[in-house]
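# Notes for the structure review
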Amino acid sequence: MEKIWISGANGHVGSALVKMLDFEKYKFIATDKNEVDITNMESVHSFCKINRPDIIINCSGLTDLQECEENPDMAYAVNAVGVRNIAQEAQEIGAKLIQISTDDVFGTTENDTPLNEFDDIAPRSIYGKSKAAGEKFMRALMSRYVIIRSSWVYGVGRDYVSQVLDAAKKGGTFTAPSNQFSSPTSAKELAKVIMQFIEQEYYGTYHVVCKGCCSRYEYAQEILRLSGNEDNLTLVSSTDATDARPKYSVLDNMMIRISKIEEPADWKTALKEYLTETGDNE
């Protein structure tokens with residue numbers, strides 16, 4: 001029975017994976033930052049030495065864009081050095097490491113062509129730069145690794161979906177950028193694909209996002225429509241976004257198509273399923 005360690009198990013993707021894993025097939029250990037501090041090399045070393053996982057899935061990360069900008073040391077400690085610490089130990093014990101990365105490793109693009117795994121990255125934000133640094137550590141230190149880039153992931157906890165729904169409960173207005181484009185991706189759909197990487201010997205960098213794309217404004221519109229909150233909140237379209245997020249970061253799932261791995265569902269279908277499961281549907 002293979003042993004799986006999920007670091008960051010309380011987040012969107014970690015929570016979805018815990019629900020999906022077959023307990024009769026795998027033995028797994030779920031930790032969050034309170035159990036194993038990945039920024040502490042000795043903590044990671046001790047954990048791996050004692051537990052010796054066969055597969056490590058690192059869902060840990062400092063993902064708040066503003067927090068990363070205000071505290072770059074912490075961003076790099078978690079998103080880069082933390083990945084290095086896990087990668088070193090994974091390589092030492094011969095474990096496969098699956099790392100969750102982001103579309104924010106791409107910067108501003110001059111066209112609207114979806115970005116595949118072979119396009120050059122050029123992050124603008126501290127968040128994107130620190131996640132790119134984590135990817136670089138993995139490639140330098142490991143032989144059995146999977147980097148999975150995804151975008152606008154939602155699930156258990158705080159995210160764009162919960163922000164819009166919370167705003168609808170209060171009423172009033174909600175400002176959403178109409179010039180930021182990507183693919184909203186359900187943590188459940190992402191976890192389905194990660195299961196394939198657990199079970200099969202695929203390695204390298206892969207993009208995994210729900211099919212289709214939209215702007216933040218269109219995303220908010222669909223959340224309100226599916227949840228029956230269209231009359232409870234007034235959406236305001238904006239092109240004044242000043243943050244460092246990419247304006248266009250639609251990812252192309254080229255590598256999973258080539259590898260004959262089933263792609264995630266369309267983003268609207270996945271969002272409807274999520275809102276139904278959480279009881280937030282109309």
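Presented here is an overview of the structure given in this document. Everything quoted here is computed from the prediction, not taken from an experiment.

The next point concerns the pairing of strand β4 (residues 96-102). Of all seven residues in β4, seven are buried, a share of seventy percent or more. Sheet topology note: the strand β3 (residues 55-58)/β4 ladder contains four bridges and is parallel. Across the sheet, the residue bridging to I57 is I98, located in β4.

Turning our attention to the layout of surface pockets. It is the rolling of a water-molecule-sized probe over the atoms that shows where space remains empty. Approximately 270 Å³ is the volume attributed to the second largest pocket. A16, K19, K188, Y274 and E277 are, among the 17 residues lining the second largest pocket, the residues nearest its centre. Of all the secondary structure elements, the ones that give two or more residues to the lining of the second largest pocket are α1 (12-20), α7 (187-199) and α10 (267-278). Residues of the lining of the second largest pocket, tallied by class, amount to seven nonpolar, five polar and five charged.

With that settled, the discussion passes to the packing of aromatic side chains. One pass over the structure, following the stated rule, counts nine aromatic pairs. A centroid spacing of 4.6 Å and a plane angle of 65° characterise the contact between F197 and Y206, whose relative ring orientation is edge-to-face. Under the relative-accessibility criterion, F197 is labelled buried at 0%. When its relative accessible area of 3% is taken as the criterion, Y206 is described as buried.

Let us look at the sheet that holds β3. Ordered by their spatial adjacency, six strands build an open sheet running β2-β1-β3-β4-β5-β10, and the pairing between neighbours is parallel. What marks the edges here is a single partner per strand, and that holds for β2 (26-31) and β10 (204-207). Pairs of neighbouring strands in the sheet enclose a mean axial angle of 20°, with direction left out of account. Against the sheet, helix α2 (residues 41-51) contacts β1 (2-7), β2 and β3, and its axis sits at roughly 160° relative to β1.

If you walk through the whole model with that rule in mind, you get 10 salt bridges. Between K96 and E201 there is a salt bridge, and its shortest N-O distance comes to 3.8 Å. Note that K96 is positioned in strand β4 and E201 in the loop between α7 and β10, a separation of 105 residues in sequence. With a relative accessible area of 1%, K96 lands in the buried category. You can call E201 exposed: its relative accessible area is 52%. Here D166 and R158 are joined by a salt bridge, their closest N and O atoms 2.8 Å apart. A relative accessible area of 29% means that D166 is categorised as partly exposed. Overall, R158 belongs to the exposed group, its relative accessible area being 57%.

About the criteria used
Residues numbered from 1 in each chain as written. Predicted model: local features only at pLDDT ≥ 70, side-chain atom pairs only at ≥ 80, totals over all residues. Heavy atoms only, no water. Buried < 20%, exposed > 50% of the residue type's maximum accessible area, 1.4 Å probe, protein only. Helix = DSSP H or I, 4+ residues; strand = E, 2+ residues; numbered from the N terminus. Pairing = 2+ DSSP bridges. 1 Å grid on protein atoms, 1.4 Å probe; cavity = no way out; pocket = protein on both sides within 12 Å on 5 of 7 lines; lining within 4 Å. Points joined across faces, edges and corners; volume = space filled by probe spheres on them. Nonpolar A, V, L, I, M, F, W, Y, C, P; charged D, E, K, R; others polar. Phe/Tyr/Trp six-rings, centres within 6.5 Å; stacked < 30°, edge-to-face > 60°. Axes fitted to C-alpha atoms, helices over the stretch in contact; angles between N-to-C directions. Contact = heavy atoms within 4.5 Å. Salt bridge = Lys/Arg side-chain N within 4 Å of Asp/Glu carboxyl O.

None of the figures reported here should be taken as evidence of function without further support.
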